[in-house]
Amino acid sequence: MSEIFLKSSNLSLGYSNQIVIKGLDIQLSFINDYQIIGKNGAGKTTLMNFIALNFDGSYFESKVNRSQISINQISSTSTLIQELTLSENIDYYTSETSLASEEKLNIVFKYLPEDYLNEKIKSFSSGMLRRAELSIIEIKSPLVFCIDEPLNFLDSEGVLLLANLIKDRSIANKCNILSSQEFVDFEGLEFEVINLNEY
Amino acid sequence: MNINKNILKKEILVELKNSSSLFLITPTMSVLIIIFPILIENRFAVDEDLFIISHLLFLIIFSTLFAIRKPIILNQLTKELNFGNYKKIEFFNSKSLAEFLIFLPQIFILNILFSAFTNSSVNVSILYFMISIVFFAINACMINIIFQIFTSFNNRFVQFILIVPMYLALSFFIGPLWLGLGQELANIYLLMYLGITIVIFATTNYYIEKETIQ
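To start, this report covers the structure provided alongside it. (Residues numbered from 1 in each chain as written. Chains lettered and ligands numbered in written order. Predicted model: local features only at pLDDT ≥ 70, side-chain atom pairs only at ≥ 80, totals over all residues. Heavy atoms only, no water.)

**Notes on the overall build of chain B**
Applicable threshold: Helix and strand definitions here come from DSSP, where helices need a minimum of 4 consecutive H or I residues and strands a minimum of 2 consecutive E residues; each element is numbered from the N-terminal end. Restricting the calculation to C-alpha atoms gives the radius of gyration, and the globule rule supplies 2.2 Å times the number of residues raised to the power 0.38. Think of it in three bands: with a 1.4 Å probe and only protein chains considered, a residue is buried below 20% of the maximum accessible area for its type, exposed above 50%, and partly exposed in between. In these tables, accessible area is a Shrake-Rupley quantity obtained with a 1.4 Å probe, and a residue counts as shielded only by the protein chains included in the view.
The number of helices and strands found in chain B is eight helices and zero strands. Helices and strands in chain B line up, N terminus first, as α-α-α-α-α-α-α-α. Taking 2.2 N^0.38 as the reference for a compact globule, 214 residues should give roughly 17 Å; the C-alpha atoms of chain B span a radius of gyration of 18 Å, in line with that estimate. Its C-alpha atoms give chain B principal-axis dimensions of about 60 × 40 × 30 Å. The proportion of buried residues among the 214 residues of chain B is 47%. Accessible surface computed for chain B: about 10,800 Å², of which carbon and sulfur atoms make up 70%.

Encoded structure:
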């Protein structure tokens, strides 16, 4: 399998009459980690959504070569089902993984206290939601992991957990794509920068 | 058939926890109890057919309320399916089945209550009555989901305006059946209903698969 999982030239993306990204050449590989940086409105989230197949805009123009691989995204709003408990959400989102229930729970308890397991997601704080989503990413271990504004909602312990997750994934040759306004420095990790301020 | 048991389980769990459809049947039946005695008191004679027409009307009202109780927000759905690595076709089939399983007992209850409160009955055998209700429920659930995943509206009013004519069309097949048809004509009506169900299911599956391949 080729290391390149997404290649697109002269990419333009937008919403109705507003073009957010214009003429971007992009080539993403499994073995690298990326950071998309740019000021407000530069199109970080739009590009991230496009990479993670969640783009919901109305303007798109480019030739895209994309491999059929597992890509999971954590965006600024939670994807978890609000009416269900954490345990039910984990069952729903991680059903395809080969890990046993106990192994899954061990991973979850690294991120959240045990009391949260049977709590409904709608009672979670933003930070706990982020942690819950990070635990699901660790269980699923997708080939590509995209996270929008990675430091948002996380306390120092949460940031450390995120850094460890990214490091472990990087060692396992799995791609991490982060998007934020400024470069986020994770000690010991190298990122290729996609600077949207230049477009 | 591309039915995913996790999606099915999730949809039923969410419904059980929300109990949103319970909040629908109560006001519908309350209206029935309040309105019908008033209507009947002001008439010297009430034609039996009037009850059957009202029966259909209540079925359409209830189905519409059921359809708009929780709109699907398309971009959230896409994110959810991608996060769980589920296919859209699995979602459509599983959600349709889940909605059918939730909806069917409720419209049976609605029909029983209607007959009890109005002391009226339909002019068709119980078997044909049940088959017509099952067909109506399957099609109503599928059409609702098709509308929501192929159009990006998430406004309840627009959804209401679009879905009512569709449900009216579905009830046109039930109307003559309930009013009393001969055995052969009734069989033809049910076969037409079966044909429509297959066409809707097959066309939707084709378009979703095509969209996924592209």
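**Describing the interface of chain A and chain B**
Spelled out, the test is: Contact criterion: two residues are considered in contact whenever any of their non-hydrogen atoms come within 4.5 Å of each other. Buried area counts how much accessible surface, traced with a 1.4 Å probe, disappears from two parts once they are put together, with both parts' losses summed. By convention in these notes, a salt bridge is any Lys or Arg side-chain nitrogen within 4 Å of a carboxyl oxygen on Asp or Glu. A 3.5 Å cut-off defines polar contacts: any pair of N or O atoms within that distance qualifies, except that in protein one atom must be a possible hydrogen donor and the other a possible acceptor, and neighbouring residues in sequence count only when both atoms are side-chain atoms.
Contacts between the two partners involve 29 residues from chain A and, on the opposite side, 19 residues from chain B. If you sort the residues of chain A by the area they bury against chain B, Asn54(A), Glu83(A) and Tyr92(A) come out on top, with a joint share of 29%. Scanning the region where chain A abuts chain B turns up two salt bridges. Counting the contacts that link chain A with chain B gives 13 residue pairs in polar contact (both at pLDDT 80 or more).

**Considerations on the sheet that holds strand S4 (residues 59-66) of chain A**
Residues and elements named next belong to chain A. The condition that has to hold: By this definition, two strands are paired if DSSP reports at least two bridges between them. For helices, the fitted line uses only the C-alpha atoms of the stretch in contact; every axis is such a line through C-alpha atoms, and the angle between N-to-C directions lies from 0 to 180 degrees.
One open sheet accounts for three strands, arranged S2-S1-S4; its pairing is antiparallel. Two strands lie at the open edges of the sheet, namely strand S2 (18-29) and S4, each paired on one side alone. When the angles between neighbouring strand axes are averaged without regard to direction, this sheet yields 5°. When strand S1 (residues 4-15) meets S4, the two strands line up antiparallel, connected through seven bridges. Its bridge partner being in S4, Gly-14 is matched across the sheet by Tyr-59.

**Digging into the layout of surface pockets**
Put simply, the test is: In the cavity and pocket records, a cavity denotes points on a 1 Å grid over the protein atoms alone where a 1.4 Å probe fits but cannot get out, a pocket denotes an open set with protein on both sides within 12 Å along at least 5 of 7 lines, and lining residues are residues with an atom within 4 Å of a point. Grid points are joined across faces, edges and corners, and a volume is the space filled by probe spheres set on the points.
Looking at the second largest pocket, its volume works out to about 750 Å³. Elements with a minimum of two residues in the lining of the second largest pocket: helix H1 (5-18), helix H3 (48-67), helix H4 (74-83), helix H5 (88-118) and helix H6 (126-150) of chain B.

**Observations regarding unusual backbone geometry**
In the Ramachandran plot, Leu53(A) falls in the positive-phi region, its phi being about 65° despite a non-glycine side chain. Considering the arrangement of structural elements, one finds Leu53(A) in the loop between helix H1 (44-51) and S4. On the basis of relative accessible area, Leu53(A) is assigned to the partly exposed category, the value being 46%. One non-glycine residue with positive phi stands out, namely Asn85(B), at about 55°. Examined against the element boundaries, Asn85(B) turns out to sit in the loop between H4 and H5. Judged by its relative accessible area of 26%, Asn85(B) is partly exposed.

**Here we look at the packing of aromatic side chains**
Worth spelling out the cut-off: Working definition: rings of Phe, Tyr and Trp (its six-membered ring) pair if their centres are within 6.5 Å, and the pair is stacked with planes under 30 degrees apart, edge-to-face with planes over 60 apart, and tilted otherwise.
All told, the structure shown has 18 aromatic pairs over all chains when counted by the stated rule. On the basis of an interplanar angle of 10° and a centroid distance of 6.2 Å, the ring pair of Phe62(B) and Phe103(B) is categorised as stacked. Of this pair, Phe62(B) sits in helix H3 while Phe103(B) sits in helix H5, placing them 41 residues apart in sequence. Comparing Phe62(B) with Phe103(B), the two get one shared label, buried. Within the aromatic cluster, the residues linked to one another by ring pairs are Tyr92(A), Tyr93(A), Phe83(B) and Tyr86(B).

**A look at the sheet that holds strand S3 (residues 34-37) of chain A**
Residue and element names in this part refer to chain A. If you trace the five strands from one edge of the open sheet to the other, you get S5-S6-S7-S3-S8, paired in parallel fashion. Looking at which strands have only one partner, the edges of the open sheet turn out to be strand S5 (71-74) and strand S8 (192-195). With strand direction ignored, the average angle separating the axes of adjacent strands in the sheet is 15°. As paired strands, S3 and S8 are joined by four bridges and run parallel to one another. Looking across to S8, one finds that Tyr-34 is bridged to Glu-192. Set on the sheet, H1 makes contact with S3, S5, strand S6 (144-148), strand S7 (175-180) and S8; between it and S7 the angle comes to about 155°.

**A look at the pattern of salt bridges**
Two side chains that carry opposite charge are able to pair once their charged atoms sit near each other. Following the criterion strictly, the structure yields 10 salt bridges over all chains and no others. Note that Lys110(A) and Glu138(A) form a salt bridge whose closest N and O atoms lie 2.6 Å from each other. With Lys110(A) in helix H3 (residues 101-111) and Glu138(A) in helix H4 (residues 126-140), the pair connects residues that are 28 residues apart, well separated along the chain. The exposure class assigned to Lys110(A) is partly exposed, which follows from its relative accessible area of 41%. Between Glu80(B) and Lys10(B) there is a salt bridge; the shortest N-O distance is 2.8 Å. Taken together, the positions of Glu80(B) in helix H4 and Lys10(B) in helix H1 put the pair 70 residues apart, joining distant regions of the chain.

**With respect to the nonpolar core**
Generally speaking, nonpolar side chains in soluble globular proteins are found buried as a group. As a reminder of what qualifies: What we call a nonpolar core is a set of buried Ala, Val, Leu, Ile, Met, Phe, Trp, Tyr and Cys residues that are connected through their side-chain atoms within 4.5 Å.
Residues Leu86(A), Leu134(A), Phe186(A), Leu59(B) and Trp178(B) are the most contacted members of the largest nonpolar core, which totals 92 residues. At 14 residues, H6(B) tops the list of elements feeding residues into this core. Non-local contacts of Phe186(A), meaning those with residues more than four positions away in its chain, are made with Leu151(A), Val159(A), Leu162(A), Ala163(A), Ile166(A), Leu178(A) and Phe191(A). The next biggest cluster of nonpolar side chains, apart from the first, holds 26 residues, and it includes Leu13(A), Ile26(A), Ile51(A) and Ile177(A).

**Quick look at the pairing of S2(A)**
All names here are of chain A. Two elements, S1 and S2, share eight bridges in a ladder whose sense is antiparallel. Within the sheet, the bridge partner assigned to Tyr-15 lies in S2 and is Gln-18. Where S1 folds back onto S2 in an antiparallel hairpin, the turn is made up of two residues, including Ser-16, whose phi is positive at roughly 45°.

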